[in-house]
Amino acid sequence: MSRREAREAAFAFLYQLNFRQEPVSEQKALYLEVHPLDEEDLPYFNEITDGVFEKKDELDAEYSKYLKDWKQSRLPKVDVMLLRIAVYEMLHVSDIPVSVSINEAVVLAKKYSSEESKSYINAILGKVGSTLEK
């Protein structure tokens, strides 16, 4: 498995948290039982899932600055999760270039969201990235 696949697994797990009531630790154990990861991918999966879950308010505040005429609550849950993961990587994973985090979010948006979503996710993350690079 690759980081891309670990990221996609983290996305799927984090997305399901929107709809299930069980404790996160129980959900993660069940998810990994049904969707096992290679040993070398588990640390990155855990870093993303734990980090995004713990810092979601910080992440939402960061990308929400760039939502034109939209509120975060109006965005599809898929898109919110993609934005959170990419912003988490930009802020907290130093060995991933900003451009890679943006590209990976767009790739996942193409697969799981709409054509329109792909475009505004790219634009929002581009603005977040340019602010961070200053």
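Here is what the cut-offs are and how they apply
- Residues numbered from 1 in each chain as written.
- Predicted model: local features only at pLDDT ≥ 70, side-chain atom pairs only at ≥ 80, totals over all residues.
- Heavy atoms only, no water.
- Helix = DSSP H or I, 4+ residues; strand = E, 2+ residues; numbered from the N terminus.
- Contact = heavy atoms within 4.5 Å.
- Core = buried A, V, L, I, M, F, W, Y, C linked by side-chain atoms within 4.5 Å.
- Buried < 20%, exposed > 50% of the residue type's maximum accessible area, 1.4 Å probe, protein only.
- Lys, Arg positive; Asp, Glu negative; His and termini not counted.
- Salt bridge = Lys/Arg side-chain N within 4 Å of Asp/Glu carboxyl O.
- Polar contact = N/O pair within 3.5 Å; in protein donor to acceptor, adjacent residues only side chain to side chain.
- Axes fitted to C-alpha atoms, helices over the stretch in contact; angles between N-to-C directions.
- Parallel < 35°, antiparallel > 145°, perpendicular 65-115°, else oblique.
- Left-handed = near helix turned anticlockwise from the far one by under 90°.
- Nonpolar A, V, L, I, M, F, W, Y, C, P; charged D, E, K, R; others polar.

## Some details on the environment of Ile96
Position of Ile96 relative to the elements: it lies in the loop between helix H5 (77-92) and helix H6 (98-112). Setting aside chain neighbours within four positions, we find Ile96 in contact with Arg3, Arg7, Tyr44, Glu89 and Ser101.

## Digging into the nonpolar core
Generally speaking, nonpolar side chains in soluble globular proteins are found buried as a group. Grouped together as the largest cluster of nonpolar side chains are 42 residues, with contacts concentrated most on Ile48, Tyr63 and Leu125. Broken down by secondary-structure element, the contributors of at least two residues to this core are helix H1 (3-16), helix H2 (24-34), helix H3 (42-54), helix H4 (56-64), H5, H6 and helix H7 (115-133). Among the elements that line this core, the one with the most residues is H5, at 10 residues. Sequence-distant contacts of Leu125, that is, excluding residues within four places in its chain, are made with Leu83, Ala86, Val87, Met90, Ile102 and Ala105.

## Here we look at the side chain of Asp79
Examined against the element boundaries, Asp79 turns out to sit in helix H5. We note that Asp79 is buried and unpaired, the nearest opposite charge coming from Arg74 at a distance of 12 Å. Side chain to side chain, Asp79 and Ser117 meet in a polar contact 2.6 Å long. Leaving out residues up to four positions away in the same chain, Asp79 has contacts with Ser113, Ser117, Tyr120 and Ile121.

## Some words on the pattern of salt bridges
Evaluated as defined, the whole model comprises 10 salt bridges. With a closest N to O distance of 2.6 Å, Arg7 and Glu89 form a salt bridge. Taken together, the residues span a long stretch of sequence, with Arg7 in helix H1 and Glu89 in helix H5 at a distance of 82 residues. Owing to a relative accessible area of 0%, Glu89 belongs among the buried residues under this scheme. Among the ionic pairs, Lys65 bridges to Glu62, the shortest N-O distance being 3.5 Å. Three or more residues joined by partner-sharing salt bridges are found here, namely Arg4, Arg7, Glu89 and Glu104.

## Concerning the packing of H5 against H7
Relative to each other, H5 and H7 sit at 25°, their axes nearing to 11 Å. When the interaxial angle is binned, H5 and H7 end up roughly parallel. Considering how the two elements wind past one another, H5 and H7 form a crossing that is right-handed. Contact with H5, carried on its side by Asp79, Leu82, Leu83, Ala86, Val87, Met90 and Leu91, involves Ser117, Tyr120, Ile121, Ile124, Leu125, Val128, Gly129 and Leu132 of H7 and no other residues of that element. When the residues that make up the contact of H5 with H7 are grouped by side-chain class, the tally is 12 nonpolar, two polar and one charged.

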